[in-house]
Every structure is written in C-alpha cells, then in structure tokens.
Amino acid sequence: MILIAYILPIAHAGHWLASMLYLVPVVILAGGIFWQRRNDKRLRDAGESVDDADVPFTDE
Amino acid sequence: MNLTAIPLAHGLGGRTDLPLPGWLFAWGAALVLALSFFALAALWTEPKLEMARVRALFRVPGVIEPICGAVGVAIFAALAYFGFAGNQDADQNVVPTFVYVFFWTMLPLLSAIFGNIFKPFNPWRALGRGVSWLRSRRTPDHRHAPARFAYPDALGRWPAAIGIVAFGWLELVGGEQGRDPSTLMTLALIYAAFQLSGMALFGVERWSERGDAFGVYFEFFARISPFTIDDGRLCARLPLAGLTDIVPLAGTVTFVSAAIGITVFDGAERGGLWESIAGSDPSTFVSTIGLIAAVALVAGFYRLGVAGMKSSHIEKSPRELSLMFAPSLVPIALGYLLAHYFSFMLFVGQALPHVIAHPMGNSGPPPVDYFVSGRVIWWVQVLALLAGHVAGLIVAHDKATAVWGKARAAAQSQMWMLVVMVGFTCLGLWLLSQSPA
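1. So, the overall build of chain A
Reasoning step 1: Scanning chain A from N- to C-terminus turns up 3 helices and 0 strands.
Reasoning step 2: Going residue by residue from the N terminus, the α and β elements of chain A occur as α-α-α.
Reasoning step 3: Buried positions account for 18% of the 60 residues belonging to chain A.
Reasoning step 4: Of the roughly 4700 Å² that chain A leaves accessible, carbon and sulfur atoms contribute 70%.

Laid out in structure tokens, this is it:
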C-alpha cells in the first residue's frame, strides 16, 4: 500500500509534465517583462537614460 | 440516441485525433495574443471604443416592451406549471433543458450578438414594472413613486455576484437536485420573490441593473453587441463599445470572475488534477470549496495584472484600476462560455425543440444525433477562446489609452495584463484538453 502511494504520483508524472507545457508561454512572458523591468531599474539607478514611457513620454 | 447518459449543463469533450498536441495550440494562441498586443500598441493610439458614437436607427414603439414583458411572465408561469405538474425526469421535462441549455448557455451568446434581449422579457422586471405602473395610476398625476430607499453604494453588484455563484453551485455542485424540474422551479420562484422584494425597496431599474444576477449577466454580454436600446430607440455602435460604459461598482470584479470561474471549475472538475486533489467522488463541501477557489483564482490572477498596471506610475488606487478594467474580462467570459459549452449547445440543444413541443415530458426521451465532428468542435473552441482574449486585450488597451493618455504608456501599463490574458487562454485550452473526448 505504501509502495503504491509512492509510485502513483510518479506514474502520473507524464500527465503532469504535459500539463506544465501549457504554462510555458506565461512563464516566458512574465520572465521577459520581469527581466526588462529589472534592467530598466538598473540603468535608471546607474543614471543612464531609459527608453521608458512612464516619465518622460517619448512619443510626443 | 437519447440524453439519459448526458449530464445537463456540463461541457462535452470535442477533441479527437488532433494533428498537433493540445499544448502547442496554447503556445500558438499565446503568440497570437502577443502579436495582437504589439499591433495594438503601434496602431491603436487613441481611445476608439471610449469615444465611439451611438447611432440611432429607429424608434421602438412603446407598446413593444409591455408585450415582451407579458410574454416573459407567461413563459415563466408556463415553466412553473410544467416544472411542478410534468414528468420529473430531467431529460424529458422542458424545465432543465430550457434553464441550462437555452437560458444559461445560448442566451449569453444571443445577447452578445443582438443586444440585451433578456431585459424586455425579464419576468420579474416585467412584474415589478407592472406593479409600479398600477400604483402610478392611483395617483392624481400618474407619476411613478420613487424608490423607498436609495441603493447603497457599498452594495454595488454584490447581490448579483452572490446570485451568479449560487446558480453556478446549483449547476455544478447541486447534483441531481440541480436538475430536478420541481426543485428548479421552486428555486426560480424564491429567486423571483427575492427580486421583487429588491425592486420594491430600491426601484425596479436600479435593482435590475445591480442586484439581479441574470439582469447583470445578460446586460454585460449584451455590451459586446453592436446594438442597444437607448431612450426608446434602437441604436448601432461599435462592437465592444458598450463595455466602456459599465459603471464601476463594488462587486463587479467578483461578478465577472465568477462568470469565468464557474466555467473553469466545470472544466477542472472532470480532469485528472481535480480528481487527484478531491478524489473521484468529492463531497458537496469539497466541491463548494473547489468552486469558490476557481472564482478566487480568476479574481486573484486578474488582480496581479492590475498590480502590474499600478507599477506604471498612475495616481489611482489598485481598487479603482481593478474596477475600471473589469469590463475587459467580459469578452473572456464569453470566450470561455462558448468554448466550454459549444459542443453541449450543439448536442443537447437538439433536444430543445422536442422538449418545447412536449413540455410535460410525456412523449419519451428526445432524439439527438451528433452532426459535427470533434475536430470542428475543437477548432471552434480554440478560436472562441482566442477571439475572447483578443477582444479583452482590445478593451483593456482602449481603456488604458484613455487613462494614461499616451499610446506607449498605455501599452507599457498593459504588459502584465497581457500575461494575465495569456494565462487565461492557456488555462482555458488546458481545461478543454482535460475534457473527456
């Protein structure tokens, strides 16, 4: 019985992994935005100009 | 074939022998959304929906609405009679099929195309208006009496949100009781009495627009439509433009999250993940928690997108932003509904003419023949989800251009909302992939 309890989740691993593939676009997008924001902050802290729409607007 | 083995009000699977794995569709859909986002940022530089004009087409004769109201009351009364006096077999009595197939799944779609067709037929609103009219005839100048109480701001759309969750519970957790014709009609009568009480206290129109779960439900979907009735005239407008006029009230986010969350839970409860959490035969309590968790998941995910907006330097509170952008969830709710229930509508919908023709349910099970392949259904589901999310992106972007003033700033503010939209799309496709074929 204990053995089955350990084996069952492993037997479903393929199913779980296939489900995880649906998450990949969300992770890529969120990671990309997070990286971009962090990069902008680092540049701003270093006193360099950031092509940022917040302040100032650049499309005027 | 008969309906005996088909659960009423549950989406049916449609996937068979797809040429590509399901997750690849999610990746493709995410790509389409990302491209749409950049196209909007480049080309949609000013608020078009916010500024859209409504064009009057023609005046609707005043007598139409009372006639529709009388028809709505007559249909409701007839359903009550059939529900109590007819055959109590849920597959043969007209009530469960009418409620779950026509009312819950088809009417939102019709509303999104033709406008709020439920409103003039709404039986409790018609009764409320009738009583109000009769009372006005007793006054010397025939004026309608004002509402007893002003509708409290704090109440917002909370009664409607609670009502829609309760209906979702009846549909998904209520089991056999939720399909029983006499139980359904008993609950419908209790609901009608509650609506009439709300109208008596706060006024017919005010309560219908805020407290009536179905009034709000169909009104929200109708705002996608290019048609509306304004000041007694049939008017045309840009599709989706009506969503920009939704008054931001407390409970709105919960209401729209519930509309999506109910579908999410319906899809999830028949998949492997829910079974591994709740077991193969979960109790009512566990299923109730699951339903509430699905609504909370949708609302929480949306709040993350709003928190991302807040980081774009704006003098508005997260609550204000949350309410302002809530209408962008409405097309997503429609996409989820169509994707989830499309096969159900096609399949069980075939029973509608039969049960309407034999409302007492004494002529045997309705004949049903499947006539669309699983692959076609899958493509309709994918395209419905995608269209709903692209429409949601458009509504959110349009609102952002109005709030932020600059297209570039608007686009930056919506980046986290793009993640939310992609997340909802992937979730929807994953849920569809969980459906038994």
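From this point on, the discussion continues.
2. Points about the overall build of chain B
Reasoning step 1: Counting its secondary structure elements, chain B contains 18 helices and 3 strands.
Reasoning step 2: Counting all 437 residues of chain B, 55% fall into the buried class.
Reasoning step 3: Considering only intrachain contacts with a sequence separation of at least 6, the fraction spanning at least 24 residues in chain B is 81%.
Reasoning step 4: With an accessible surface of roughly 18600 Å², chain B has 67% of that area assigned to carbon and sulfur atoms.

3. Details of the layout of surface pockets
Residues and elements named next belong to chain B.
Reasoning step 1: There is about 1200 Å³ of room inside the largest pocket.
Reasoning step 2: Along the walls of the largest pocket sit 45 residues, with N116, K119, E219, T228 and I229 positioned nearest its centre.
Reasoning step 3: Counting residues per element, the lining of the largest pocket draws most heavily on helix α9 (residues 213–222), at 5 residues.
Reasoning step 4: In terms of residue class, the lining of the largest pocket is made up of 22 nonpolar, 10 polar and 13 charged.

4. Side note on the confidence of the model for chain A
Residue and element names in this part refer to chain A.
Reasoning step 1: When pLDDT is averaged along chain A, the result is 70, and 55% of the positions lie at 70 or above.
Reasoning step 2: Confidence, expressed as mean pLDDT per element, reaches its minimum in chain A at helix α1 (residues 2–11) with 54 and its maximum at helix α3 (residues 24–45) with 87.
Reasoning step 3: Contacts of residues 54–60 to residues separated by more than four positions or lying in other chains number 14 contacts, the stretch itself having pLDDT below 50.

5. Re the packing of helix α2 (residues 64–85) of chain B against helix α5 (residues 123–137) of chain B
Residues and elements named next belong to chain B.
Reasoning step 1: Close contact between α2 and α5 brings their axes to 8 Å; oriented N to C, the two are set at 125°. Considering the angle they form, α2 stands oblique to α5. As for how α2 packs across α5, the hand of that crossing is left-handed. Here E65, G69, G72, V73 and F76 of α2 come into contact with α5, specifically with P123, W124, R125, A126, L127 and R129.
Reasoning step 2: Tallied by class, residues from the contact of α2 with α5 come to 6 nonpolar, 2 polar and 3 charged.

6. Quick look at the environment of B:V71
Reasoning step 1: Topologically, B:V71 is positioned in helix α2.
Reasoning step 2: Through-space distance from the C-alpha of B:V71 to that of B:F121 is 6.7 Å; in sequence the pair is 50 residues apart.

7. What to know about empty space enclosed by the protein
All names here are of chain B.
Reasoning step 1: In the structure shown here, the tally under the stated rule is 2 cavities of 30 Å³ or more.
Reasoning step 2: Lining the largest cavity are T263, G267, Y336, A339, H340, L385, G428, L431 and L432.
Reasoning step 3: Mapped by element, the contributors of at least two residues to the lining of the largest cavity are α10 (252–268), α14 (329–348) and α18 (415–434).
Reasoning step 4: Residues of the lining of the largest cavity, tallied by class, amount to 5 nonpolar, 4 polar and no charged.

8. Considering the pattern of salt bridges
Pairs can form between side chains of opposite charge once their charged atoms are near each other.
Residue and element names in this part refer to chain B.
Reasoning step 1: Inspection of the entire model under this criterion finds 9 salt bridges over all chains.
Reasoning step 2: Across the pair E205 and R129 runs a salt bridge whose closest N-O atoms are separated by 3.1 Å. Of the two residues, E205 sits in helix α8 (residues 204–210) while R129 sits in helix α5, which places them 76 residues apart along the sequence.
Reasoning step 3: Residue E205 is classed as partly exposed on the basis of its relative accessible area, which comes to 24%.

About the thresholds
Residues numbered from 1 in each chain as written. Chains lettered and ligands numbered in written order. Predicted model: local features only at pLDDT ≥ 70, side-chain atom pairs only at ≥ 80, totals over all residues. Heavy atoms only, no water. Helix = DSSP H or I, 4+ residues; strand = E, 2+ residues; numbered from the N terminus. Buried < 20%, exposed > 50% of the residue type's maximum accessible area, 1.4 Å probe, protein only. Areas by Shrake-Rupley, 256 points an atom, 1.4 Å probe, with all protein chains shown as cover. Contact = heavy atoms within 4.5 Å. 1 Å grid on protein atoms, 1.4 Å probe; cavity = no way out; pocket = protein on both sides within 12 Å on 5 of 7 lines; lining within 4 Å. Points joined across faces, edges and corners; volume = space filled by probe spheres on them. Nonpolar A, V, L, I, M, F, W, Y, C, P; charged D, E, K, R; others polar. pLDDT = per-residue confidence, 0-100. Axes fitted to C-alpha atoms, helices over the stretch in contact; angles between N-to-C directions. Parallel < 35°, antiparallel > 145°, perpendicular 65-115°, else oblique. Left-handed = near helix turned anticlockwise from the far one by under 90°. Salt bridge = Lys/Arg side-chain N within 4 Å of Asp/Glu carboxyl O.

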